[in-house]
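Commentary on secondary and tertiary structure
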Amino acid sequence: MPSDLALSQAARPQQPQADRAAERAERAQLKSRLRRAERMKQLKAFGLIAPLLLFLIITFVVPIADMMLRSVHDPDLSEVWPRTTAAIEQWEDRTQLPGEPVYAAIAQDMKDSRANRTIAQAARRLNYDINGARTLVMGTARRLPDTTDSWKSAMIDIDETWGEIETFGAIARASGPFTSFYLLNAVDLERTATGEIVKAPEKEAVYIDIFTRTFVISMTVTLICALLGFPVAYLLANLPPRIANVMMILVLLPFWTSLLVRTAAWVVLLQEQGLVNDALIFTGILDEPVRMIYNRIGVYIAMVHILLPFMILPLYSVMKGIKPVYMKAATSLGAPPTTAFLRVYLPQTIPGLSAGGLLVFIISIGYYITPALVGGAADQMISYFIAFYTSDTVNWGMASALGAVLLVATMILYGIYNRLIGADKMRLG
């Protein structure tokens with residue numbers, strides 16, 4: 001026999017179809033309101049971070065994108081010599097001088113650009129590639145005849161450089177609108193007239209050495225800051241709060257002084273008749289003054305002094321969160337103090353060391369003022385040459401290429417760092 005529950009269910013009237021439809025509509029409406037409320041929360045959260053996001057895009061993303069574009073964008077010659085850049089594309093056999101149409105196009109563009117007073121732009125761009133190109137272009141433009149049966153013969157008679165294949169190779173490399181010229185130069189490479197990529201001449205191959213010098217100085221400064229900052233941070237983390245607060249003020253005190261003033265102060269202190277040499281002679285450590293300025297020693301001293309707080313603060317933050325009971329437990333279990341420190345305490349400070357090291361290194365590779373003031377000619381870092389091409393020669397392409405190579409090299413080093421240590425281990429205590 002059927003149970004009472006089955007009978008009651010059979011006896012219960014079926015829910016009308018309209019009620020079920022209304023219930024489904026109500027559930028759908030409730031879900032829609034929930035989704036709308038969730039979207040409003042997301043929009044409010046985005047509205048709070050929108051000013052910061054816009055600021056980062058304007059001050060960080062856009063300049064980097066513009067720098068990367070300028071390192072390959074090369075419209076200078078094509079803007080003022082359009083006939084030449086169009087004719088040079090028809091130069092197929094790069095082992096022979098181009099034909100008469102290319103010479104005729106160059107001659108006509110020279111005349112027009114000289115009349116429009118834009119010839120200096122073309123001359124400056126070609127001068128980036130071959131020495132003396134500015135003199136060549138300006139001199140030829142002044143001496144060009146009004147008409148001739150052979151522009152090729154006329155231009156070669158004016159200057160024999162127009163009879164060299166490399167001259168037209170430079171024009172082809174500058175014809176734009178995009179080029180690999182700047183990026184290749186930034187890594188001491190160049191493209192020949194035939195399109196082959198070769199090493200730059202030994203006298204012109206300087207940038208790899210400069211990049212190497214930049215990274216060596218930055219790594220050395222980072223290591224010195226780690227060796228000096230670790231005991232200071234350890235002392236601050238283990239002193240009574242009243243004394244530690246006073247010492248922390250001394251650590252932060254350099255931030256209240258201008259970078260330029262601190263660097264200039266080291267020029268006074270480190271010179272041969274400065275306070276440092278006088279103190280070393282007075283104490284008997286030295287018999288005569290030692291040169292500590294306008295060389296690598298001065299660069300290291302000044303940079304370490306400026307960047308040391310950036311190492312101390314992350315280390316202090318991590319060390320402050322390490323509980324003393326760990327060391328006490330290790331020693332109570334029979335570990336000597338040195339073993340307890342190396343195997344228990346030191347591994348817990350790795351996040352602070354990695355964060356401080358990365359911070360100091362990244363700041364170091366972009367230093368310009370300090371090496372320029374206290375270093376010699378052989379101590380200038382890549383930022384000095386980026387500033388030189390930006391302000392002195394107004395060669396934005398080369399400056400952007402050097403910056404792009406530096407950015408890529410830094411990202412590669414960060415990738416290696418992340419692979420070996422892990423960026424997630426930089427979380428501070």
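Scroll up to find the structure this text is about.
Scope of this entry: the structure provided in the associated data block. These numbers come from a predicted model, not from an experiment.

1. Things to note about the pattern of salt bridges
Tallied over the full model, the rule gives seven salt bridges. Put simply, Asp74 and Arg125 hold a salt bridge, and the shortest N to O gap is 2.8 Å. In this pair, Asp74 sits in the loop between α2 (17-70) and α3 (76-80) while Arg125 sits in helix α6 (residues 119-129), placing the two residues 51 residues apart along the sequence. Overall, the relative accessible area of 1% leaves Asp74 in the buried class. With its nearest N and O atoms 2.8 Å apart, the salt bridge here joins Arg173 to Asp129. Of this pair, Arg173 sits in helix α9 (residues 165-173) while Asp129 sits in helix α6; the two residues are 44 residues apart in sequence, bridging distant segments of the chain. Each member of the pair, Arg173 as well as Asp129, is classed as buried. Bridged by salt links that share partners, the residues Arg83, Asp109 and Asp112 form one connected network.

2. Focus: the side chain of Thr179
Along the chain, Thr179 turns up in the loop between α9 and α10 (181-186). A relative accessible area of 11% means that Thr179 is categorised as buried. A distance of 3.0 Å separates the side chain of Thr179 from the backbone nitrogen of Phe181, its partner in a polar contact.

3. Quick notes on the packing of helix α20 (residues 382-392) against helix α21 (residues 396-420)
It is the contact of α20 with α21, at a shortest axis distance of 7 Å, that shows an interaxial angle of 155°. The orientation of α20 with respect to α21, classified from their angle, is roughly antiparallel. Once α20 is placed against α21, the crossing between them reads as left-handed. Note on element contacts: α21 touches α20 through Trp396, Met398, Ala399, Leu402, Gly403 and Leu406, opposite Ile382, Phe385, Ile386, Tyr389 and Thr390.

4. Considerations on the nonpolar core
Counting residues in hydrophobic clusters, the biggest one holds 34 residues, and the most contacted among them are Ile217, Val221, Cys225, Met303, Leu307 and Met319. For this core, the secondary structure elements donating two or more residues are α11 (207-238), α12 (241-252), α13 (259-270) and α15 (296-320). By residue number, the principal contributor to this core is α15, which donates 14 residues. One finds Val80, Ile130, Ala133 and Ala141 within the second-largest nonpolar core, a separate group that totals 32 residues.

5. Re unusual backbone geometry
Across the chain, the bulk of peptide bonds are trans and the bulk of non-glycine residues have phi less than zero. Cis rather than trans, the peptide bond between Gly176 and Pro177 has omega equal to 0°. As for its placement among the helices and strands, Pro177 is situated in the loop between α9 and α10. Of note, Arg117 is a non-glycine position whose phi angle comes to about 60°, a positive value. As for its position among the elements, Arg117 is in the loop between α5 (100-116) and α6. The phi torsion at Val394 lies on the positive side, around 55°, for a residue other than glycine. Among the structural elements, Val394 can be located in the loop between α20 and α21. Judged by its relative accessible area of 44%, Val394 falls in the partly exposed class.

6. Quick word on helix α18 (residues 350-365)
The end-to-end C-alpha distance of α18, which contains 16 residues, comes to 22 Å, matching closely the 22 Å that a straight helix rising 1.5 Å per residue would cover. Considered for burial, the residues of α18 that qualify are Pro351, Gly352, Ser354, Ala355, Gly356, Gly357, Leu358, Val360, Phe361, Ser364 and Ile365. Buried residues in α18 make contact with α11, α15, α17 (337-348), α20 and α21.

7. A short note on a positive patch on the surface
Together, Lys31, Arg33, Arg35, Arg36 and Arg39 make up a positively charged patch on the protein surface. Residue placement: Arg36 occurs in helix α2. Judged by its relative accessible area of 43%, Arg36 falls in the partly exposed class.

8. Regarding the environment of Arg242
Along the chain, the position of Arg242 falls in helix α12. Note: C-alpha distance between Arg242 and Tyr294 (52 residues apart in sequence) is 41 Å.

9. Observations concerning α15
Counted at 1.5 Å a residue, the expected span for α15 with its 25 residues is 36 Å, and the 35 Å between its end C-alpha atoms agrees. A distance of 3.3 Å separates the backbone nitrogen of Ile297 from a side-chain oxygen at the start of α15, and that oxygen is part of Asn295.

10. What about the packing of α12 against α15?
The interhelical angle for the contact between α12 and α15, taken along N-to-C directions, is 145°, at an axis separation of 10 Å. For the pair α12 and α15, the contacting residues are Met248, Val251 and Leu252 in the first and Pro309, Ile312, Leu313 and Tyr316 in the second. Of the residues in the contact of α12 with α15, the class split is seven nonpolar, no polar and no charged.

11. Some details on the packing of aromatic side chains
Following the criterion strictly, the structure yields 13 aromatic pairs and no others. Aromatic side chains Phe388 and Tyr389 sit 5.3 Å apart centroid to centroid with 70° between the ring planes, which places their arrangement in the edge-to-face category. On the basis of relative accessibility, which here comes to 15%, the residue Tyr389 falls in the buried class. For the cation-ring pair, Arg70 lies above Trp396, with the distance from its terminal atom to the ring centre recorded as 5.1 Å. Geometry around Phe181 places Arg125 over its ring, the cationic atom sitting 4.7 Å from the centre.

12. Quick word on the environment of Gln121
Residue position: Gln121 is located in helix α6. Counting along the chain gives 82 residues from Gln121 to Lys203, while the straight-line C-alpha distance between them is 26 Å. Discounting residues that sit within four places of it in the chain, Gln121 has contacts with Asp76, Glu79 and Val80.

About the criteria used
In every chain, residue numbers begin from 1 and rise along the written sequence. Totals for whole chains, interfaces and linings use every residue, but because this is a predicted model, local features are given only for residues with pLDDT of at least 70 and side-chain atom pairs only at 80 or more, for both listing and counting. Working from all heavy atoms in the structure, the side-chain values ignore hydrogens and water. Note on definitions: salt bridges are taken to be side-chain nitrogens of Lys or Arg within 4 Å of carboxyl oxygens of Asp or Glu. Helix and strand definitions here come from DSSP, where helices need a minimum of 4 consecutive H or I residues and strands a minimum of 2 consecutive E residues; each element is numbered from the N-terminal end. Working definition: with a 1.4 Å probe on protein chains only, accessible area under 20% of the residue-type maximum means buried, over 50% means exposed, and in between means partly exposed. Distance and chemistry together define a polar contact, namely a pair of N or O atoms within 3.5 Å, with one atom able to donate a hydrogen and the other to accept it when in protein, and with adjacent residues in sequence counting only for side-chain atoms on both sides. What counts as an axis is a line fitted to C-alpha atoms, over the stretch in contact for a helix, and the angles between N-to-C directions run from 0 to 180 degrees. An angle counts as roughly parallel when it lies under 35 degrees, as roughly antiparallel when it exceeds 145, as roughly perpendicular when it falls between 65 and 115, and as oblique in every other case. Crossing handedness is defined as follows: a turn of the near helix away from the far one that is anticlockwise and smaller than a right angle gives a left-handed crossing, while the clockwise case is right-handed. In what follows, a contact means two residues having at least one pair of non-hydrogen atoms within 4.5 Å. By nonpolar core is meant a set of buried Ala, Val, Leu, Ile, Met, Phe, Trp, Tyr and Cys residues that side-chain atoms within 4.5 Å join together. Take the number of residues in a helix, subtract one, and multiply by 1.5 Å to get its expected span. Each patch is built from residues lacking any salt bridge and having more than 30% relative accessible area; the joining distance is 9 Å for like charges and 5 Å for nonpolar side chains (Val, Leu, Ile, Met, Phe, Trp, Tyr). Computed with the Shrake-Rupley method and a 1.4 Å probe, the accessible areas treat only the protein chains shown as cover for residues. His is not counted, nor are the chain ends; Lys and Arg add positive charge and Asp and Glu add negative charge. The atom standing in for a charge is NZ when the residue is Lys, CZ when it is Arg, CG when it is Asp and CD when it is Glu. Residue classes follow a fixed rule: Ala, Val, Leu, Ile, Met, Phe, Trp, Tyr, Cys and Pro count as nonpolar, while Asp, Glu, Lys and Arg count as charged, and any other residue, Gly among them, counts as polar. The pairing test for Phe, Tyr and Trp rings, Trp by its six-membered ring, is centres within 6.5 Å, and the orientation test on the planes gives stacked under 30 degrees, edge-to-face over 60, and tilted for anything in between. Note on criteria: charge over ring means Lys NZ or Arg CZ within 6 Å of the ring centre, with the direction from the centre no more than 35 degrees off the ring normal.

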